[in-house]
Amino acid sequence: MQKVFIGIALIVSLVFTASPITRAESTSTPIRLASFNMLTYRPNNDRTPTSWDAPDFRKNLIIKTIVDNNWDVAGLQEVSGAFRRNDNTFTLSQLEFVKNNLESAGYTLANSEYDGCSASWSTDPTTTYKPYNNPIVFKTAKYSMLGNGCFSISSEPTNLFKKDYGLPRPLIATWLKLEDKTSHQQFYLFNSHLSYEDEFVGSDGNIGTATPAERAAYSLQQARSLMNSVSRIVSGSNLPMFLTGDYNAKDGSPTLTNGILSSDFSDAYALAENKAFDNNTRSSYNGFSLSRELSYGENRIDHIFASNGKNITINTYRIVSTKYGNSYASDHNAIQADAVIASSATPNPSGVPTGTNTRKSTIKPPNTGARVVQSTIPTIIIAIISITLLATARKK
């Protein structure tokens, strides 16, 4: 009989050892997001206080703003490449400077003209004038890029040279699908720059002559086109999403209310548990003047939006001043949001969707975001059962 009990103890031990109890560790993923309109380089703004190089060196202040604020992921707008002037000389390339310096600081710059994500005023794809880059930068050591691409905000999003919705030039939006290397949480970020009201063409065919009603209609069309492309790209996915950009639209405008928020997104400003304002400013546009900036009130035309129902918390929303001494990095302040994605927001890691200029990495498919660990409970149970059975066997 003693041998029978010993045999039973060994069998129980083997069963529990071969079938470990597993559980998912609770994790959360913090992300410091930002949106920053750098102000594109133009010959007419290459003078104090807006000179890119000497004497103001805006270029250095741009890098300082990004690095010193320790952004994890940021959507940038108006990053110009070099283009030919009328006298056949070339402007400085903001894009080249920003890309090289941010790479040295540990960032990756994606979705620029280097990746085919820029378009010119001309329909000629070989033109040298490609001033409007809206790239996204992220910390190289923190994230893996699972997918990226760009599209035009138009009725033909796959045509990057399409001019639409009253605008005399193409309008390009960019996107990334990233995975946090520690938590394995995945998410999307979309970055865009909608048009300023003075850019729209009126019924007379001239730039800037559109009526207020026409401008409002064009702006809403742009916002809805953007969200249609977002839906197309993330189709079939349940990942958290963020939108960054210069929307040239204030809170409560139809562009935001009927174009963005109606697509199941919320403004990070409204979600934030805490708000911080550098220099007591509540405007994302400064116009290179502190007094002018303060006079704007809550003139936030730059925004960060977060998708609803994805366990996203916004801890702090901050308007970041870009004024350094008597110089400015840009005519915009940056906006920053400290977000946290709860672990249960991790969906099935589906394949990278097909989109315009989509790129797939060679990264191995990630796990579900929940790390499986073996509990110590089976070991304790095994020991108790084995000791009890062996003790009973000895008594008999």
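Each chain carries its own residue numbering, running from 1 in the written order of its sequence. Owing to the predicted nature of the model, reporting of local features is limited to residues with pLDDT of at least 70; listing and counting of side-chain atom pairs is limited to 80 or more, with chain, interface and lining totals taken over all residues. Side-chain figures throughout are based on the complete set of non-hydrogen atoms in the structure, without hydrogens or water.

1. A short note on the pattern of salt bridges
Whenever a carboxyl oxygen of Asp or Glu lies within 4 Å of a side-chain nitrogen of Lys or Arg, that contact is scored as a salt bridge. As enumerated under the stated definition, the model contains 12 salt bridges in all. Close ionic contact of aspartate 338 with arginine 32 constitutes a salt bridge, the shortest N to O distance being 2.6 Å. Remark: arginine 32 occurs in strand E2 (residues 28-37) and aspartate 338 occurs in strand E16 (residues 334-342); sequence separation between them is 306 residues. Linking glutamate 199 and arginine 169 is a salt bridge whose minimum nitrogen-to-oxygen distance equals 3.0 Å. In this pair, glutamate 199 is assigned in the loop between strand E8 (186-193) and helix H4 (212-233) and arginine 169 in the loop between strand E6 (143-152) and strand E7 (172-180), connecting sequence segments 30 residues apart. The exposure classification of glutamate 199 matches that of arginine 169, with both residues buried. Among the charged side chains, a salt-bridge network with shared partners connects Asp72, Lys139 and Lys142. In this description a helix means any DSSP run of H or I spanning at least four residues, a strand means any run of E spanning at least two, and both kinds are numbered starting from the N terminus. Throughout this description, buried means an accessible area under 20% of the type-specific maximum (1.4 Å probe, protein chains only), exposed means over 50%, and partly exposed covers the range between.

2. Some details on the packing of helix H2 (residues 58-68) against helix H3 (residues 94-104)
Packed helix pairs are specified by the crossing angle of their axes together with the interaxial distance, meaning the distance between the axes. Lines fitted to C-alpha atoms define the axes here, with helix axes fitted over just the stretch in contact, and angles between the N-to-C directions of these axes take values from 0 to 180 degrees. The interhelical angle for the contact between H2 and H3, taken along N-to-C directions, is 40°, at an axis separation of 10 Å. Classed by the angle they form, the pair H2 and H3 counts as oblique. Crossing angle aside, the handedness with which H2 passes H3 is right-handed. Between H2 and H3, the residues in contact are Arg58, Lys59, Asn60, Ile62, Ile63, Ile66 and Val67 and Gln94, Phe97, Val98, Asn101 and Leu102, respectively. A breakdown of the residues in the contact of H2 with H3 according to their chemical character gives seven nonpolar, three polar and two charged. Note that the term roughly parallel is reserved for angles under 35 degrees, roughly antiparallel for angles over 145, roughly perpendicular for angles of 65 to 115, and oblique for everything else. Left-handed describes a crossing in which the near helix is turned anticlockwise from the far one by less than a right angle; the clockwise case is right-handed. Residue contacts follow a heavy-atom distance rule, with two residues in contact if any of their heavy atoms lie within 4.5 Å. Each residue is assigned to one of three groups, with Ala, Val, Leu, Ile, Met, Phe, Trp, Tyr, Cys and Pro labelled nonpolar, Asp, Glu, Lys and Arg labelled charged, and all others, Gly among them, labelled polar.

3. Overview of the confidence of the model for the protein
With 76% of its residues at a pLDDT of 70 or more, the protein has an overall mean of 81. A residue's pLDDT is the confidence the predictor assigns to it, expressed on a 0 to 100 scale. Counting contacts from residues 3-24, a segment whose pLDDT is below 50, to residues more than four positions away or on other chains yields 26 contacts.

4. So, the sheet that holds strand E3 (residues 73-77)
Taking strand neighbours across the sheet as the criterion, the seven strands line up as E4-E5-E3-E2-E16-E13-E11 in an open arrangement whose pairing is mixed. Every other strand in the sheet has two partners, leaving strand E4 (107-110) and strand E11 (274-277) as the edge strands with one partner each. Taken pair by pair, the neighbouring strands of this sheet meet at an average axis angle of 20°, ignoring direction. A pair of strands is treated as paired once DSSP finds two or more bridges between them. In terms of strand pairing, strand E13 (residues 312-320) meets E16 through eight bridges, oriented antiparallel.

5. Thoughts on the nonpolar core
Soluble globular proteins tend to pack their nonpolar side chains together in the buried interior. Nonpolar core, defined: a set of buried Ala, Val, Leu, Ile, Met, Phe, Trp, Tyr and Cys residues in which side-chain atoms within 4.5 Å join the residues together. Membership of the largest hydrophobic core comes to 26 residues, with the highest contact counts inside it found for Ile31, Leu33, Val73, Phe187 and Phe242. Of all the secondary-structure elements, those providing two or more residues to this core are E2, strand E5 (136-139), E7, E8, helix H6 (268-271), strand E12 (302-307), E13 and E16. Ignoring sequence-local partners within four residues, the contact set of leucine 33 consists of Val73, Leu189, Phe242, Ile304, Ile335, Gln336, Ala337 and Ala339.

6. Quick look at H4
Take the residue count of a helix, subtract one, and multiply by 1.5 Å to get its expected span. In this model H4 runs 32 Å from its N-terminal to its C-terminal C-alpha over 22 residues, within 8% of the 32 Å that 1.5 Å per residue would give. Of the positions making up H4, those classed as buried are Arg215, Ser219, Leu220, Gln222, Ala223, Ser225, Leu226, Met227, Ser229, Val230 and Ile233. Summarising the contacts, the buried residues of H4 are in contact with E6, E7, E8, strand E9 (241-246), helix H5 (254-257) and strand E10 (265-267).

7. Quick look at unusual backbone geometry
In this chain, alanine 54 is followed by proline 55 through a cis amide linkage whose omega measures 0°. Positionally, proline 55 belongs in the loop between E2 and H2. The backbone of leucine 39 shows a phi angle near 75°, a positive value even though the residue is not glycine. By relative accessible area, which is 6% here, leucine 39 ends up buried. Notably, phenylalanine 57 is not glycine yet its phi reads approximately 50°, a positive angle.

8. Here we look at H2
Taken together, the buried positions of H2 are Arg58, Lys59, Leu61, Ile62, Ile63, Thr65 and Ile66. Where H2 is buried, its residues contact E2, E3, H3, E4, strand E14 (323-324) and strand E15 (327-328). Residue asparagine 70 follows H2 closely and has a positive phi angle near 60°.

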